[in-house]
Amino acid sequence: MTDTAIRHDWTLDQIKALFDLPFSDLIFRAQTVHRQNFDPNKVQLSTLLSIKTGGCAEDCSYCPQAARYNTGVDAGKLLPLEEVLSDARQARDAGASRYCMGAAWRSPKDKDLDKVIEMVRGVRAMGLETCVTLGMLKAEQAKRLKDAGLDYYNHNIDTSEEFYGEIITTREYDDRLETLGHVRDAGLNVCSGGIVGMGESREDRASMLLTLANMPKHPESVPINMLVQVEGTPLFGTEKLDHFEFVRTIAVARIMMPESFVRLSAGRETMDDALQALCFLAGANSMFYGEKLLTTPNPESNRDARLFQRLGISPLGTEDLAARHAAE
Ligand code: SAM
Ligand code: DTB
Ligand code: SF4
């Protein structure tokens, strides 16, 4: 069987059969697909900034930024433009090719969107690709972001439709899909994936990937986050997911969405180099780079530079990371 076709007709049984393969067979299939579509030694780097932190009205049970959980994350205001631009400049100079701005909103108000649009324009003018994640959008808001030159909109479906109600009650799965439809219709690139390690079943992981791959067009970017357990959130203390199951999820995503960037996202801080290497072998070719995600830590840049050097990986679109960190 070959995995070359771009398909939008996956069945749950077919996806479960991929998950059930012996580990080496699954990784071989994923690596084969990966090499047909990408340089296996290049990884795209995105840097994140939380432009509006905490105080969120939603009840996402994984999230330290929900106002209702006591997590020690203080609610802040939307950051001033200059602060965002100076952080973006640093990210570019450290080797990132895309800059992602996240806001802890259920959905943005039009006056907030005006300010975010200024940020997008400024970051783009530095030669970086831009991504924002602002919650649910109306169709006109997605169009305004596109007109401002935004490259990607991140909006994760997070888990399967079946498990969604266990994780979030303040919105519906269909609300997520509706926003993703507006983003696609506006002509923006779609970044959508989810979180594993939330107590979901393998079938839920398969069902989440089915929803993503059976969209009329695959998301260009598919972040696979390992739950970062934050004290105070309802999911703190959830049984940890087997590392090989995380790698399997990446491999199945790679096989199902051969031309998409699959991002090894949250959770790297607690992964050793060997596990991250397995994720790249399974077809992950993008990651978050920089010492912080939104509110939680990410590996230090010089640790990532060393990892890339050990594996012979270089960042997509920029020169060798090791050279940038040679002096450290
Ligand atoms: N408020 C907007 C929304 O929910 O779409 C944008 C920001 S929200 C923090 C972006 C994404 O971060 C979520 O969809 C979720 O996938 C991810 N996320 C949040 N908390 C996380 C955690 N503790 N571990 C892993 N991923 C997390
Ligand atoms: C995504 O899929 N993961 C990022 C980004 N898109 C916005 C966010 C991870 C957040 C992890 C928890 C935190 O740092 O607050
Ligand atoms: Fe709010 Fe987004 Fe966190 Fe949910 S994931 S609580 S919507 S910031």
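For the structure itself, look to the data block above.
Here is a short report on the structure shown in this document. Position numbers for residues count from 1 along each chain, tracking the sequence in the order it is written. Lettering for chains starts from A, numbering for ligands starts from 1, and both go in the order in which the items are written. Since the coordinates come from a predicted model, pLDDT governs what is reported: local features require at least 70, and pairs of side-chain atoms require 80 or more to be given and counted, while whole-chain, interface and lining totals use all residues. Only hydrogens and water are set aside; all other atoms, that is, all heavy atoms of the structure, feed into the side-chain values.

## Quick word on the site of ligand 1
Step number 1: The immediate surroundings of ligand 1 are formed by 19 residues, with Y62, N156, D158, R176 and V228 found nearest.
Step number 2: Polar contacts, as used here, are pairs of N or O atoms within 3.5 Å; protein pairs need one atom able to donate a hydrogen and one able to accept it. Residues neighboring in sequence count only if both atoms are side-chain atoms. Taking Y62, its main chain carries an N or O atom lying 3.0 Å from a nitrogen atom of ligand 1.
Step number 3: Separating an oxygen atom of ligand 1 from a side-chain N or O atom of R176 is a distance of 2.9 Å.
Step number 4: Computed with the Shrake-Rupley method and a 1.4 Å probe, the accessible areas treat only the protein chains shown as cover for residues. Alone, ligand 1 offers 560 Å² of accessible surface; in the complex the protein occludes 90% of this.
Step number 5: Note on residue classes: Ala, Val, Leu, Ile, Met, Phe, Trp, Tyr, Cys and Pro are nonpolar, Asp, Glu, Lys and Arg are charged, and everything else, Gly too, is polar. In the shell around ligand 1, the residues fall into 11 nonpolar, 6 polar and 2 charged. For this purpose, a residue is taken to be near a molecule or strand whenever a single non-hydrogen atom of the residue falls within 4 Å of it.

## Remarks on the pairing of strand 1 (residues 42–52)
Step number 1: Here's how the labels work: a residue is buried when its accessible area is under 20% of the maximum for its type, exposed when over 50%, partly exposed in between, all with a 1.4 Å probe on protein chains only. Only runs of H or I of at least four residues qualify as helices and only runs of E of at least two qualify as strands under DSSP, and these elements are numbered from the N terminus. Of all 11 residues in strand 1, 10 are buried; the element is thus mostly enclosed.
Step number 2: Pairing between two strands requires that DSSP report at least two bridges joining them. Across 2 bridges, strand 1 lies against strand 10 (residues 314–315) in parallel orientation. Each bridged residue has a counterpart across the sheet, and for V43 the counterpart in strand 10 is P315.
Step number 3: Summarising the sheet, strand 1 and strand 9 (residues 286–288) pair through 3 bridges and their orientation is parallel. Note that in strand 9 the partner of L45 across the bridge is M287.
Step number 4: Judged from the 6 bridges that link them, strand 1 and strand 2 (residues 98–103) form a sheet pairing that is parallel.

## Thoughts on the packing of helix 10 (residues 273–281) against helix 11 (residues 301–311)
Step number 1: Orientation is described by axes fitted as lines to C-alpha atoms, over the contacting stretch for helices, and by angles from 0 to 180 degrees between their N-to-C directions. Contact geometry for helix 10 and helix 11: axes closest at 11 Å, N-to-C directions at 60°. By the criterion of interaxial angle, the relationship of helix 10 to helix 11 is oblique. For the crossing formed where helix 10 meets helix 11, the hand is right-handed. Every residue of helix 11 that contacts helix 10 at D273, Q276, A277 and F280 is listed here: R303, L307, F308, R310 and L311.
Step number 2: The residue inventory of the contact of helix 10 with helix 11, partitioned by class, reads 5 nonpolar, 1 polar and 3 charged. Put simply, angles under 35 degrees are roughly parallel, angles over 145 are roughly antiparallel, angles from 65 to 115 are roughly perpendicular, and the rest are oblique. By convention, the crossing between two helices is left-handed when the near helix turns anticlockwise from the far helix through less than a right angle, and right-handed when the turn is clockwise. We call two residues in contact when some of their heavy atoms are within 4.5 Å.

## Considering a negative patch on the surface
Step number 1: On the surface, a cluster of negative charge is made up of E161, E162, E172, D174 and E178.
Step number 2: Residue position: E172 is located in the loop between helix 6 (161–167) and helix 7 (173–185). Patch membership requires more than 30% relative accessible area and the absence of a salt bridge. Residues of like charge join within 9 Å; the nonpolar side chains Val, Leu, Ile, Met, Phe, Trp and Tyr join within 5 Å. We count a salt bridge whenever a side-chain nitrogen from Lys or Arg sits within 4 Å of a carboxyl oxygen from Asp or Glu. Under the convention used here, Asp and Glu are negative, Lys and Arg are positive, and both His and the chain ends fall outside the count. Where a charge sits is defined by one atom per residue type, namely NZ (Lys), CZ (Arg), CG (Asp) or CD (Glu).

## Side note on the nonpolar core
Step number 1: Membership of the largest hydrophobic core comes to 90 residues, with the highest contact counts inside it found for I51, Y62, L134, L145, L209 and F246.
Step number 2: With residues near it in sequence (within four places) discarded, I51 still touches K77, L78, L79, V84, M101, G102, A103, V116, M119 and L134.
Step number 3: Membership of the second largest hydrophobic core comes to 7 residues, among which are Y152, A266, F288 and L293. Here, the term nonpolar core denotes a set of buried Ala, Val, Leu, Ile, Met, Phe, Trp, Tyr and Cys residues that are joined through side-chain atoms within 4.5 Å.

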